[in-house]
Amino acid sequence: MLAFFVCIALYILKKKHTYVILDKRMYNGKLVHVFLGKVKVWRKEVGDFMNLHDFVHGVDPTIKLVIEDEFPGTRCVGGKYVPSTHSIFLYEKDIKIQCQHLFGSNECLESYKWIILAHELGHALDEDLLSLSAKFDQTDDIGLLYQIECNAWEIGEKLIPFINSELFSFIKDQSLAHYHKEMEKIS
């Protein structure tokens, strides 16, 4: 996976950690550093890195981001969007489990977390979400759920162009695989 990045032999000292910068890109006027296993967005105006809360606020300040230890149910859920409160929930333990399951390690955990966040932001920003959800509630049509998920992935991908596109596509494809199987059963 590292072959996808432009290797730049730069080191920076930040909070007693030495990071190898693999790639630097501009995103919405901000410098993005892609470190080994980490993604950090540099905010020049404050001289520090942007966190997930800052990112969400920059996309839409009305969206509330809640980061919890784990999903309260029995399923392994990395994130969810709740339209009634316009809130995104990320579940750290579940995200780690999912990343470990998909890749066999947590080497790309930080990128994975950004991708999960972008997907949930995709739901939050999807203008068709409420109408598609209402139609699904009436029909139980799996195709509507598939469309809801596809919309979120499409919107989310545009929000994080600083994430490796092949990694993003792999995670998206894995997420949508269940819907593909279910729709094949029907047809």
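Heads up: the structure comes first, above all this text.
First, a word on what this report is: a plain description of the structure on this page. (Residues numbered from 1 in each chain as written. Predicted model: local features only at pLDDT ≥ 70, side-chain atom pairs only at ≥ 80, totals over all residues. Heavy atoms only, no water.)

### Description of the overall build of the chain
Next up, step 1: Helix and strand counts for the chain stand at six helices and eight strands.
Next up, step 2: Among the 187 residues that make up the chain, the fraction classed as buried is 42%.
Next up, step 3: Across the chain, every contact between residues at least 6 apart in sequence was considered, and the portion connecting residues at least 24 apart equals 46%. (Helix = DSSP H or I, 4+ residues; strand = E, 2+ residues; numbered from the N terminus. Buried < 20%, exposed > 50% of the residue type's maximum accessible area, 1.4 Å probe, protein only. Contact = heavy atoms within 4.5 Å.)

### Some points on the pattern of salt bridges
Next up, step 1: If you walk through the whole model with that rule in mind, you get four salt bridges.
Next up, step 2: For the salt bridge of Lys113 with Glu92, the shortest nitrogen-to-oxygen distance reads 3.5 Å. One end of the pair, Lys113, is in helix 3 (residues 109-125); the other, Glu92, is in helix 2 (residues 92-103), with 21 residues separating them in the sequence.
Next up, step 3: Lys185 is paired through a salt bridge with Glu182; the nearest N and O atoms lie 3.2 Å apart. A residue pair is termed a helical-turn pair when its members lie 3 or 4 positions apart in one helix, as Lys185 and Glu182 do in helix 6 (residues 165-186) at three residues. (Salt bridge = Lys/Arg side-chain N within 4 Å of Asp/Glu carboxyl O.)

### Examining the environment of Phe168
Next up, step 1: Considering the arrangement of structural elements, one finds Phe168 in helix 6.
Next up, step 2: For Phe168, a relative accessible area of 2% gives the class buried.
Next up, step 3: C-alpha separation for the pair Phe168 and Trp114, spaced 54 residues apart in sequence, amounts to 9.7 Å.
Next up, step 4: If near-sequence neighbours (up to four positions away) are discounted, Phe168 is found in contact with Ile115, Trp153, Gly156, Glu157 and Ile160.

### So, the packing of aromatic side chains
Next up, step 1: Under the criterion given, the structure shown has eight aromatic pairs.
Next up, step 2: On the basis of an interplanar angle of 85° and a centroid distance of 5.4 Å, the ring pair of Trp114 and Phe162 is categorised as edge-to-face. Here Trp114 is found in helix 3, whereas its partner Phe162 is found in the loop between helix 5 (142-159) and helix 6, with 48 residues between them in sequence.
Next up, step 3: On the accessibility criterion, Trp114 (2% relative accessible area) is buried.
Next up, step 4: Measuring from centroid to centroid gives 5.4 Å for Trp153 and Phe168, while their planes differ by 85°, and the two rings are edge-to-face. Pair noted here: Trp153 is in helix 5 and Phe168 is in helix 6, with a separation of 15 residues, a long-range link. (Phe/Tyr/Trp six-rings, centres within 6.5 Å; stacked < 30°, edge-to-face > 60°.)

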